[in-house]
Amino acid sequence: MRLYNTLTRSEEPFAPLRGQQVRMYTCGLTVYARGHIGNFRTFVCLDVLRRALKHLEGYDVRQVMNYTDVDDRTIKESQKAGRPLREYTDQYIAAYLEDAATLGLETVEETPRATDEANLRAMTEMVQALEKNGHTYRSDGSIYFKISTLPKYGQLARLDHEGIKPGARIDTDKYDKEDARDFVLWKATTPDEPTWDFGAGPGRPGWHIECSAMALRLLDGAPIDIHAGGVDLVFPHHENEIAQAEGATGEPFCRFWVHVEHLLLGEGEKMSKSVGNIFTVQDVLAKGFRASALRYVLLAVHYRKQLRFTWASLAQADEALTRVMDCLARLDAVTRPGAHDDLTAKVASARKGFAEMMAADLNTPGALGVMFELVRAVNAAIDAGQIGTDDVAAIRDVFDYFDQVLGVISVRRADDAAPPVPVDEIERVIGERKAARSRRDFAEADRIRDELAKRGIVLEDSAQGTRWKRK
RNA sequence: GGCGCCGUCGCCAAGUGGUAAGGCAGAGGUCUGCAAAACCUCCAUCCCCGGUUCAAAUCCGGGCGGCGCCUCCA
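Conventions and cut-offs
- Residues numbered from 1 in each chain as written.
- Chains lettered and ligands numbered in written order.
- Predicted model: local features only at pLDDT ≥ 70, side-chain atom pairs only at ≥ 80, totals over all residues.
- Heavy atoms only, no water.
- Helix = DSSP H or I, 4+ residues; strand = E, 2+ residues; numbered from the N terminus.
- Buried < 20%, exposed > 50% of the residue type's maximum accessible area, 1.4 Å probe, protein only.
- Contact = heavy atoms within 4.5 Å.
- Areas by Shrake-Rupley, 256 points an atom, 1.4 Å probe, with all protein chains shown as cover.
- Lys, Arg positive; Asp, Glu negative; His and termini not counted.
- Charge placed at Lys NZ, Arg CZ, Asp CG, Glu CD.
- Pairing = 2+ DSSP bridges.
- Axes fitted to C-alpha atoms, helices over the stretch in contact; angles between N-to-C directions.
- Parallel < 35°, antiparallel > 145°, perpendicular 65-115°, else oblique.
- Nonpolar A, V, L, I, M, F, W, Y, C, P; charged D, E, K, R; others polar.
- Arc of directions from axis to C-beta.
- Domains from an automatic or database assignment.

### Looking at the overall build of chain A
The helix and strand inventory of chain A stands at 15 helices and 14 strands. For the C-alpha atoms alone, the extent of chain A along its principal axes is close to 90 × 50 × 40 Å. When burial is assessed residue by residue, chain A has 52% of its 471 residues classed as buried. In chain A, once contacts between residues fewer than 6 apart in sequence are set aside, the share between residues at least 24 apart is 78%. If you sum the accessible surface of chain A, you get close to 21000 Å²; carbon and sulfur atoms cover 50% of it. Each charge class in chain A was averaged separately, 63 positive and 72 negative side chains, and the resulting centres sit 4 Å apart.

### Here's the deal with the sheet that holds strand S6 (residues 142-145)
On the basis of which strands lie adjacent, the open sheet formed by four strands has the order S5-S6-S7-S8 and antiparallel pairing. In this open sheet, the two strands that pair with only one neighbour each are strand S5 (136-139) and strand S8 (204-205). Note: S5 against S6, four bridges, orientation antiparallel. Considered in S6, the bridge of Arg138 is made with Ile143.

### Digging into the packing of helix H9 (residues 311-330) against helix H13 (residues 408-417)
Following both chains from N to C, one finds H9 and H13 inclined at 90°, their axes separated by 11 Å at the closest point. One finds that H9 runs roughly perpendicular with respect to H13. Of the residues in H13, those in contact with Asp318, Leu321, Thr322, Val324, Met325 and Leu328 of H9 are Val408, Ile409, Arg412 and Arg413. The residue inventory of the contact of H9 with H13, partitioned by class, reads six nonpolar, one polar and three charged.

### Notes on H13
Buried within H13 we find Val408, Ile409, Val411, Arg412, Asp415 and Asp416. An end-on view of H13 places all buried positions within 160° of arc, on one side of the element. Opposite the packed face of H13, turned more than 90 degrees from it, sit the exposed residues Ala414 and Ala417. The inward-facing, buried residues of H13 abut helix H3 (85-102), helix H8 (291-299), H9, helix H12 (389-406) and strand S14 (465-470).

### Quick notes on the domain arrangement of chain A
By convention, interface size is frequently given as the accessible area that disappears when the constituent parts associate. What the domain assignment lists for chain A is domain 1 (2-265), domain 2 (287-417) and domain 3 (423-470). Centre-to-centre, using C-alpha coordinates, domain 1 lies 55 Å away from domain 3.

Put into structure tokens, the structure is as follows:
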């Protein structure tokens with residue numbers, strides 16, 4: 001598989017360093033509020049990355065995704081809510097898990113929290129190693145990383161320090177730093193803030209230290225294979241993670257850096273909690289859209305391109321997925337045994353084409369194209385009667401193969417598992433309508449169909465009988 | 001001010017040197033009690049201007065337009 005590596009700014013063939021195991025760290029949510037669909041674009045894309053590594057490449061994936069449960073915002077919001085930090089962040093971890101399940105994200109191997117004691121101890125050890133290696137200084141009770149001590153600083157973001165001129169907003173006097181680009185490792189706390197002391201003095205973690213420390217602790221040391229997150233993390237977060245890990249261990253931190261581009265709203269602005277223009281997964285569901293449509297939208301644009309989110313795109317995605325589901329449903333009516341060479345060949349080339357698209361830096365839009373070409377071929381074969389039950393088995397198998405990675409069909413099935421009208425009622429009413437039709441009482445038949453349509457159930461008549469589906 | 005990305009049909013979106021995938025929407029037709037679904041047919045020369053090449057949406061240069069990072073951020 002070829003993956004674009006931010007570190008080299010180029011696409012490179014990927015293979016894990018140690019045997020068949022891919023050790024991957026992905027930056028998760030800061031749990032001070034419910035994640036929005038921009039956050040979930042990143043998570044869904046990285047879910048597809050992990051699925052491709054597992055199911056297409058056959059690797060054993062060990063993924064760590066953190067919850068940042070201590071920082072300025074979590075502290076501020078928990079204080080505002082008058083609740084202990086841990087309790088406050090618990091609810092947003094639960095909300096994340098709910099949304100992740102709704103969107104069909106696979107469960108990752110480890111989900112550490114920054115405030116778990118083992119992690120705080122690992123961070124402390126890293127800070128101490130950095131102090132020992134001469135990369136730090138103390139000021140007003142905080143410990144800072146002194147970037148001038150690390151010549152390689154800046155390798156990921158490639159920022160031209162000299163280019164930072166008027167116009168750039170630099171965090172200047174908030175803290176007493178020797179250089180504007182120095183960053184805090186261990187932060188002095190006020191009496192009302194959570195404070196820990198495992199050997200580096202009382203304080204709390206700086207933003208970046210948790211990821212460096214937890215990645216090395218839970219992925220068995222440097223270098224890890226993949227580190228991923230949203231593009232906005234390239235600088236300063238990931239750059240500083242590299243500085244910390246490499247300053248402490250003297251070894252390269254990570255081999256592949258993968259960054260997912262932003263989701264933008266229709267007008268073209270970035271979604272941001274501070275601006276208030278955000279939508280959550282729950283907001284999308286509340287508008288009547290399926291979770292599967294959202295997942296589809298998030299995969300219909302390559303992960304390294306900005307995705308302009310609109311409600312119309314959700315409706316289009318839902319229609320597109322309906323086409324796939326209808327095709328799969330039509331297979332149920334095939335009863336003739338056997339296989340057809342033409343279809344067999346089309347299924348095989350679709351499987352191959354799909355894998356090639358995914359191996360080309362996760363070209364999900366291209367992979368969807370391959371899937372739809374097969375949909376067309378299958379529909380044509382059904383209409384022509386050129387399909388047998390062996391073909392059906394092979395077709396179902398290849399769609400399962402697609403969906404192991406894309407995950408849109410399984411989410412759609414989950415969406416539709418609980419229709420707005422109970423299944424036994426639908427089936428009873430369909431029976432009544434069938435009787436009406438056979439006595440040519442079409443007015444009654446139409447009335448029944450309209451009635452169900454109003455309640456979100458669509459009926460389709462065919463030679464094989466009447467099929468229902470959720471609208 | 002510095003660094004970087006992007007501009008393909010009405011909408012969304014692949015393709016990145018060999019003559020434009022796919023989805024949605026639309027038009028006509030077949031099928032159907034009607035409807036839906038499905039199938040068939042139709043529907044772009046790739047922001048503009050130069051250049052390189054036998055050949056460019058794809059490479060180079062210059063414009064115009066949109067966006068991101070340099071600051072908390074997925």
